[in-house]
Amino acid sequence: HITKGSVVFDNVSFAYPESEEDVVKDINFQVAPGEKLAVIGSTGAGKTSLFQLIPRLYDPTKGKVSVDGSPLSDYSLDELRGSIGYVPQSPLLFTGSVTDNIAWGKDQATTEEIMQAAKDAQIHDTIMQLDDQYETRVGQKGVNLSGGQKQRISIARALIRKPKILMLDDSTSALDLATESRLLDAIDTYQCTMLIITQKITTAMRADRILLMDEGKLLAIGTHTELLASSALYRKIVES
Ligand code: DUT
Ligand code: MG
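The numbering scheme is per chain: residues are counted from 1 as the chain's sequence reads. Chain A is the first chain written and ligand 1 is the first ligand written, with later ones labelled in order. Thresholds applied to this predicted model are a pLDDT of at least 70 for local features of residues and 80 or more for the giving and counting of side-chain atom pairs; totals over whole chains, interfaces and linings are not thresholded and use all residues. To obtain the side-chain values, all non-hydrogen atoms of the structure were included, while hydrogens and water were left out.

Draft legend 1. Structural detail: unusual backbone geometry. Even without being glycine, Gln 122 reaches a positive phi, approximately 60°. Strands are runs of DSSP state E lasting at least two residues, helices are runs of H or I lasting at least four, and both sets are numbered from the N terminus onward. Structurally, the position occupied by Gln 122 is in the loop between helix 4 (111–120) and helix 5 (124–128).

Shown next, in the form of structure tokens:
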């Protein structure tokens with residue numbers, strides 16, 4: 001079972017099934033239990049592709065990803081999807097109530113748990129303003145929600161499972177700084193390992209370390225101060 005939340009990439013490369021070209025190239029890094037790692041890099045750098053290898057949405061074409069010291073293939077997909085809260089870049093809501101969408105996959109969730117997850121994800125107040133509040137229908141046949149609102153419902157869906165590893169793919173891009181800060185403060189109380197893709201240096205700086213990707217490669221990994229000293233590309237991003 002996944003109890004600690006460490007992640008190791010060991011010489012990992014990946015190409016999409018329909019393509020020849022590696023979009024993740026020979027990547028090595030380790031994330032300690034409870035560590036927060038930000039992943040940055042320009043569009044198309046391979047950040048999402050890298051993320052998808054952890055909950056096994058795809059498998060590497062070369063190398064190995066391990067969690068808690070065991071290769072991912074040692075875990076059932078249920079175990080992986082239960083312990084890893086993966087919030088995709090464009091999250092989907094299905095047709096159903098807000099409650100159904102947050103509690104999805106956790107049948108025994110209580111109202112208190114659903115509301116706590118929504119509060120931590122900074123979406124509770126928005127939900128309370130909808131006509132039927134938590135019973136409002138969303139998804140294809142429901143009310144329209146903004147991209148940022150969908151992202152936060154999707155974050156609540158991840159938080160309610162109390163994941164050992166939380167993965168946010170640019171999930172806070174639509175939030176103002178104050179709301180994002182409250183969200184990240186709330187996530188801190190979950191004491192999980194967090195991997196967060198972000199375009200914002202201020203968000204990246206909240207993490208323990210930052211991984212900089214470029215054209216599928218890991219260019220640099222370290223603290224903000226270390227990357228300022230070691231990476232010209234990082235300095236360029238910070239200055240821009
Ligand atoms: N790619 C595919 N097939 C897919 C998804 C992506 O071939 O289904 C390619 C596009 C790109 C590379 O993989 O050349 C990396 O894409 P990815 O989505 O991983 O990049 P990103 O760093 O997440 O970019 P963005 O910041 O725009 O989300
Ligand atoms: Mg992406």
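After that view of the structure, there is still more to cover.
Draft legend 2. Inspection of the sheet that holds strand 4 (residues 62–67) at higher detail. At least two bridges found by DSSP between two strands is the condition for calling them paired. Taken in spatial order, the 4 strands line up as 2-1-4-5 in an open sheet, and their pairing is antiparallel. The outermost strands of the open sheet, each flanked by one partner alone, are strand 2 (24–31) and strand 5 (70–71). Where strand 1 (residues 7–14) meets strand 2, 5 bridges bridge the pair, whose relative direction is antiparallel. The residue of strand 2 that forms the bridge with Val 7 is Val 31.

Draft legend 3. The environment of Leu 233, seen in detail. As for its placement among the helices and strands, Leu 233 is situated in helix 10 (residues 232–239). Each C-alpha atom of the pair Leu 233 and Asp 214 lies 9.2 Å from the other, and the pair is 19 residues apart in sequence. Once residues lying within four places of it in the same chain are set aside, the contact partners of Leu 233 are Leu 212, Asp 214 and Leu 219. Here, two residues are considered to be in contact whenever any of their heavy atoms come within 4.5 Å of each other.

Draft legend 4. The arrangement of the sheet that holds strand 10 (residues 193–197) in detail. Ordered in space as 6-9-10-3-11-12, the 6 strands form an open sheet in which the pairing is mixed. The two strands at the open ends of the sheet, each matched to only one other strand, are strand 6 (84–87) and strand 12 (217–222). For this sheet, the mean inter-axis angle between neighbouring strands, taken without regard to orientation, is 15°. By the bridge criterion, 4 bridges tie strand 3 (residues 36–40) to strand 11 (residues 209–214) in an arrangement that is parallel. Of the residues in strand 11, the one forming a bridge with Ala 38 is Ile 210. Of the strands in this sheet, strand 6 and strand 9 (165–169) are in contact with helix 6 (residues 147–159), which crosses strand 6 at around 175°. Fitted lines through C-alpha atoms serve as axes, helices being fitted only where they are in contact, and the angles separating the N-to-C directions of these axes extend from 0 to 180 degrees. Across the sheet, helix 7 (residues 177–188) is in contact with strand 3, strand 9 and strand 10; its angle to strand 10 comes to roughly 155°.

Draft legend 5. Seen up close, the pattern of salt bridges. The working definition used for a salt bridge is a side-chain nitrogen of Lys or Arg within 4 Å of a carboxyl oxygen of Asp or Glu. Using the criterion set out here, one finds 8 salt bridges in the structure. Residues Glu 113 and Lys 106 are paired through a salt bridge, measuring 3.5 Å at the closest nitrogen-oxygen approach. Linked through salt bridges whose partners overlap, the residues forming this network are Lys 36, Asp 185, Asp 188 and Arg 206.

Draft legend 6. Geometry of the coordination of the magnesium ion (ligand 2). Looking at the metal site, the magnesium ion (ligand 2) is ligated by Thr 48 (OG1) and Gln 89 (OE1), spaced 2.0 to 2.3 Å from it. Taken together, the residues Thr 48 in helix 1 (residues 47–52) and Gln 89 in the loop between strand 6 and strand 7 (96–97) connect sequence positions 41 residues apart. Here a donor is any nitrogen, oxygen or sulfur atom (N, O, S) within 2.8 Å of the metal, with 3.2 Å used for Na, K and Ca; water is not among the atoms considered, so some sites may look incomplete.

Draft legend 7. How the structure looks around the site of ligand 1. Residues are counted as near a molecule or strand when any one of their heavy atoms sits within 4 Å of it. With respect to spatial proximity, 13 residues lie near ligand 1, and among them Thr 43, Lys 47, Thr 48, Ser 49 and Gln 89 are the closest. The separation between an oxygen atom of ligand 1 and a polar side-chain atom of Lys 47 is 2.8 Å. Contact between ligand 1 and Ser 49: an oxygen atom at 2.5 Å from a side-chain N or O atom of the residue. For every accessible area listed, the method is Shrake-Rupley and the probe measures 1.4 Å; residues are considered covered only by the protein chains on display. In isolation ligand 1 exposes 600 Å². Once the protein is present, 65% of that is buried. In the shell around ligand 1, the residues fall into 3 nonpolar, 8 polar and 2 charged. For the purposes of these results, a polar contact is taken to be a pair of N or O atoms within 3.5 Å, where, inside protein, one atom must be able to donate a hydrogen and its partner to accept one; residues adjacent in sequence count only when each atom of the pair is a side-chain atom. Throughout, the ten residues Ala, Val, Leu, Ile, Met, Phe, Trp, Tyr, Cys and Pro are labelled nonpolar, Asp, Glu, Lys and Arg are labelled charged, and all others, Gly among them, are labelled polar.

Draft legend 8. Representation of the side chain of Ser 97. Along the polypeptide, Ser 97 turns up in strand 7. There is a polar contact of 3.0 Å between the side chain of Ser 97 and the backbone nitrogen of Asp 100.

Draft legend 9. Highlighting the nonpolar core. By size, the foremost hydrophobic cluster in this structure holds 42 residues, and its most contacted members are Val 98, Ile 102, Leu 159, Leu 166, Leu 168 and Ile 187. The leading source of residues in this core is helix 6, at 5 residues. Residues contacting Ile 102, with those up to four places away along its chain left out, are Ile 114, Ala 117, Ala 118, Ile 127, Tyr 134, Ile 153, Ala 156, Arg 157 and Ile 160. Here, the term nonpolar core denotes a set of buried Ala, Val, Leu, Ile, Met, Phe, Trp, Tyr and Cys residues that are joined through side-chain atoms within 4.5 Å. For every residue, the accessible area obtained with a 1.4 Å probe (protein chains only) is divided by the maximum for its type, and the residue is called buried under 20%, exposed over 50%, and partly exposed between those limits. Membership of the second largest hydrophobic core comes to 29 residues, among which are Phe 29, Leu 50, Leu 80 and Tyr 86.

Draft legend 10. Region of the structure containing the environment of Leu 177. Along the polypeptide, Leu 177 turns up in helix 7. Here the alpha-carbon distance between Leu 177 and Cys 192, two residues 15 residues apart in the chain, equals 22 Å.

Draft legend 11. Looking closely at a negative patch on the surface. To count toward a patch, a residue needs a relative accessible area above 30% and no salt bridge. Like charges then connect within 9 Å, nonpolar side chains (Val, Leu, Ile, Met, Phe, Trp, Tyr) within 5 Å. All tallies of charge rest on Lys and Arg as positive and Asp and Glu as negative; His and the ends of each chain are not included. Lysine's charge is taken at NZ, arginine's at CZ, aspartate's at CG and glutamate's at CD. A cluster of acidic side chains, namely Asp 100, Asp 131, Asp 132 and Glu 135, defines a negative patch on the protein surface. Mapping Glu 135 onto the fold places it in the loop between helix 5 and strand 8 (137–138).

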